[in-house]
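This is what each chain is made of:
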Amino acid sequence: MMSPDMVSTNMAASLNRLRLIATREFLSYLRTPGFWLSLMIGPIAASFGAMAPAMMHQAAPAPVLTVVDLSDTGAAPAIAAALGGRKPLAILVRPPAAAAQATSAAEAGGALRPYLSGDPPAGGPRLDAAAILSGSPEAIVVDFWSRDINDSDLQMVVRGAAAQSMQQARLRAAGLAPQLVAQLSTAAPAVHSYSPRAARGQVSMKDRLPSLLGLGLAFVLFFAIFTGAGILLNSVIEEKSSRILEVLLSSATVPELLGGKILGVAGVSAFIIAGWGAMGLLALQRAAPEMVAEVGSALMTHGLVVWFAFFFVLGYLMYASVFAAIGAFCETVREAQTLLGPIMILISLPVMFLTLALEHPDAPLIVVLSLVPPFTPFLMTARLAAGPPLWQTLGALVLMAATTTAVVWLCARAFRAGALSTGKLDLKRLALGLLGRAG
Amino acid sequence: MSALELDGVGKRYGDFHAVRDLSFKVEPGSIFGFLGPNGAGKTSTLRMVLGLIPPTTGRISVLGSSRPGVSLDRIGFLPEERGLYRLMTPLDAVVFFAGLKGVSASVARKRGRAMLEAQGLGEAIGRPMKALSKGMAQKVQLICALAHEPELVILDEPFSGLDPVNQQGLEGLIRDLARRGATVIFSTHVMAHAERLCERIVLMAQGRKVFDGTMAEARAAAPTRLVLEGALDPSSLATLPGLASVDRQDGVVDGASLYTLTLTPGGSAQAVLKAALQRDLDISQFRLETPTLHDAFIVLTKAHGHDEP
């Protein structure tokens, strides 16, 4: 039996080893260019994402469209109106004479073809698309020609405008006064969005913010696991291949070593995320200072940030342990890749359900999946802002804690077995390691 | 109290017995050789001593404690296959590994600097490990294993990969450690180092202990040889008393042949020579070859299926 003083001394020594391993792990990455690149890539990607629509608009100017109305369907003005506006969807030009004088849609199409492929004939416009209207005002036929076969947006706008023109023509033919038809076509309801989950009943951006932040935090967790796992895996493989692991294990226990490494890499991820958060906050303060307080209050909605902290720690610990254990069995990254595929798919699966969790947080499938541990940290984080029943949040947390404990325990056994093993990784050795019978 | 004591220790991996019923003691302050051919079970035994793997059977007591891992701070370990963090400097590596053994950063830094300089690594103190030669890196790792001034030093094949000059330097370092009171256990399959350094050895073969004793006792296990040169007839040599075998060596010098006579255990070289001279055999030269540890190693391990170390 050890005396209380000895227990206390051992505990202090153990914590010191944990700290040393974590610090070494953290500092070793802080000194690499990859760390600083990771720190900068987030804001750069976010800025690029924010500017992308404007850049794309500049890079891809509005397409040039011509409308050929062969049988006076009367839809051309409706199409022109639909395409116009502050940011025109297309630049409308007069059709070439040969197309305008055509007697059939096929003839018009043949006349337009040279203007839609390659350089246009001398003096004619270079067209990106053409709409040939035939039939009658009540039954319009549209032959839509386009330079780009994948561009369906413009075709949808032309179709919508032609449909509206047809509906108006049919209403006029049914005897309605043109003035009444015009009034009918502009009629639209005033929609107000309400939800018992909204603070004042009516849904505003402020009400949607917690859910959006929840989704964002789920992606933060995904990023942290994805990058942290890669760092951890490479770190363990380096130590395994250079036989440092054996020396470390003769100086520290497996929990100290595994815990220190996970803590160090978590520190790297946390540093990057905190850096991004700080830069985001600065940007928000400059762009929309009134939003800062709203984001702060949104993070506290239903204890979002507190619950997230629990799920983040448990999720990170679970996945990081798995990656560390795999790394301990591998001497090269190539060896590890054989096992990484299934794990990566497992991590990516919850991400596929995140949008569904945002839109339908109480859907039975999402509720069930959020209670299944590999999915829990991501889906519960995305659901938290919707205020799920407490039993679901607590139940998910308990299940997650139990699973993480079991996974960490198994991975610690595998880590020790893998660290001392030699030769190539195979499933039998991994299974024996998990059972604690490999060494 | 022994620095290390193993009692009936065994290690099994599935159906494979890496170590069987191993018992021995190492006295404090001694240099102890743990010898055996490759695959004899040396590394498995050392890993059990360090608590890296649990024994399947038996009991291990390290520095008075039989609880695995309790004495780790008092042990220095150099593994057979070596490596350090490539981007770390030698001094940082010493501070880190000594820190894991409970030495404060300031003490470890001071001690590490002195040890590195003493080993001729003063100029390399601030260079990353990847810029160091293999020999220099091995010295750094050894210093990492010793900077916390351990009571028990375990060196697994410490001489492998070192050039003769560095091997000699390491032998000196091991002697210094023992002089300062540390117990040194090292494994090797190169007998010359053990012969020069050890007071006691344990010899392993196929997971079993085949010898445990002093160097003199080990040498006694190998037969003494008498080398005779002259115009000799092997059939007349074979009739001499106390011989286990007569082997003719290659080459003839000035019409004289060279024969190695292996004596039976306990056989007297003097009695053989006396009998040869009494029979008037034409002997121009003779030489007594006392057995080396290498000879003892071969004799002791041959019985367990190994031919050469």
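See above for the structure.
Read on for a plain summary of the structure. What you see is a predicted model; the values in this text were computed from it and never measured.

**Description of the sheet that holds strand S2 (residues 16–26) of chain B**
All names here are of chain B. With respect to topology, three strands assemble into an open sheet ordered S2-S1-S4, the strand pairing being antiparallel. A single partner strand is all that each edge strand has here, and the edge strands are S2 and strand S4 (57–62). In this sheet, neighbouring strand axes are inclined to one another by 20° on average, regardless of whether the strands run parallel or antiparallel. On the sheet, helix H1 (residues 42–49) packs against strand S1 (4–13), S2 and S4 and is oriented at approximately 120° with respect to S1.

**Considerations on the packing of aromatic side chains**
Within this structure, the stated rule accounts for 16 aromatic pairs over all chains. On the basis of an interplanar angle of 40° and a centroid distance of 4.6 Å, the ring pair of Phe 223 of chain A and Trp 276 of chain A is categorised as tilted. Of this pair, Phe 223 of chain A sits in helix H8 (residues 205–241) while Trp 276 of chain A sits in helix H10 (residues 254–287), placing them 53 residues apart in sequence. A cation sits over an aromatic face here: Arg 24 of chain A above Tyr 85 of chain B, 3.6 Å from the ring centre.

**Considering the pattern of salt bridges**
All told, the structure shown has 23 salt bridges over all chains when counted by the stated rule. Lys 261 of chain A serves as the salt-bridge partner of Glu 239 of chain A, at 2.9 Å between the closest nitrogen and oxygen. On the criterion of sequence distance, the pair formed by Glu 239 of chain A in helix H8 and Lys 261 of chain A in helix H10 is long-range, its members being 22 residues apart. Across the pair, Lys 261 of chain A and Glu 239 of chain A agree in class, each one buried. Among the ionic pairs, Arg 111 of chain B bridges to Glu 149 of chain B, the shortest N-O distance being 3.7 Å. You can see Arg 111 of chain B sitting in helix H3 (residues 105–118) and its partner Glu 149 of chain B sitting in the loop between helix H4 (134–146) and strand S6 (152–156), a full 38 residues away along the chain. By relative accessible area, Arg 111 of chain B is classed as partly exposed at 23%.

**Side note on the side chain of Arg 24 of chain A**
Residue position: Arg 24 of chain A is located in helix H1 (residues 4–30). Leave out the neighbours within four places in its chain, and Arg 24 of chain A touches Ser 235, Glu 239 and Lys 261 of chain A together with Tyr 85, Met 88 and Phe 96 of chain B.

**A few points about the nonpolar core**
Side chains that are nonpolar tend, in soluble globular proteins, to be buried together. Leu 248 and Phe 415 of chain A together with Leu 4, Phe 24, Phe 34, Phe 96 and Phe 97 of chain B are the most contacted members of the largest nonpolar core, which has 128 residues in total. By residue number, the principal contributor to this core is helix H12 (residues 304–328) of chain A, which donates 15 residues. When residues no more than four places from it in sequence are discounted, the contact partners of Phe 24 of chain B are Leu 4, Glu 5, Leu 6, Phe 32, Phe 34, Val 202 and Asp 212 of chain B. Core analysis: the second largest hydrophobic core is formed by 33 residues, Leu 78, Leu 142, Ile 201 and Ala 205 of chain B among them.

**Some details on the environment of Leu 245 of chain A**
With respect to the helices, strands and loops of the structure, Leu 245 of chain A is situated in helix H9 (residues 244–249). C-alpha separation for the pair Leu 245 of chain A and Leu 420 of chain A, spaced 175 residues apart in sequence, amounts to 7.9 Å.

**Looking at unusual backbone geometry**
Residues and elements named next belong to chain A. A positive phi angle, near 45°, is found at Asp 72, a position not held by glycine. By the secondary structure assignment, Asp 72 is in the loop between strand S1 (64–69) and helix H3 (76–83). In this structure, Arg 243 is a non-glycine residue whose phi angle is positive, near 65°. If you trace the backbone, Arg 243 turns up in the loop between H8 and H9.

**As for a nonpolar patch on the surface**
Residue and element names in this part refer to chain A. There is a patch of nonpolar side chains on the surface, built from Met 300, Val 305, Val 306 and Phe 310 and spanning about 350 Å² of accessible area. Within the fold, Val 305 resides in helix H12. Of the residues examined, Val 305 reaches a relative accessible area of 31% and is grouped as partly exposed.

The rules behind each value
Residues numbered from 1 in each chain as written. Chains lettered and ligands numbered in written order. Predicted model: local features only at pLDDT ≥ 70, side-chain atom pairs only at ≥ 80, totals over all residues. Heavy atoms only, no water. Pairing = 2+ DSSP bridges. Helix = DSSP H or I, 4+ residues; strand = E, 2+ residues; numbered from the N terminus. Axes fitted to C-alpha atoms, helices over the stretch in contact; angles between N-to-C directions. Contact = heavy atoms within 4.5 Å. Phe/Tyr/Trp six-rings, centres within 6.5 Å; stacked < 30°, edge-to-face > 60°. Lys NZ or Arg CZ within 6 Å of the ring centre and 35° of its normal. Salt bridge = Lys/Arg side-chain N within 4 Å of Asp/Glu carboxyl O. Buried < 20%, exposed > 50% of the residue type's maximum accessible area, 1.4 Å probe, protein only. Core = buried A, V, L, I, M, F, W, Y, C linked by side-chain atoms within 4.5 Å. Patch = residues over 30% accessible without salt bridge, like charges linked within 9 Å, V, L, I, M, F, W, Y side chains within 5 Å. Areas by Shrake-Rupley, 256 points an atom, 1.4 Å probe, with all protein chains shown as cover.

All we've got here are geometric facts, nothing functional implied.
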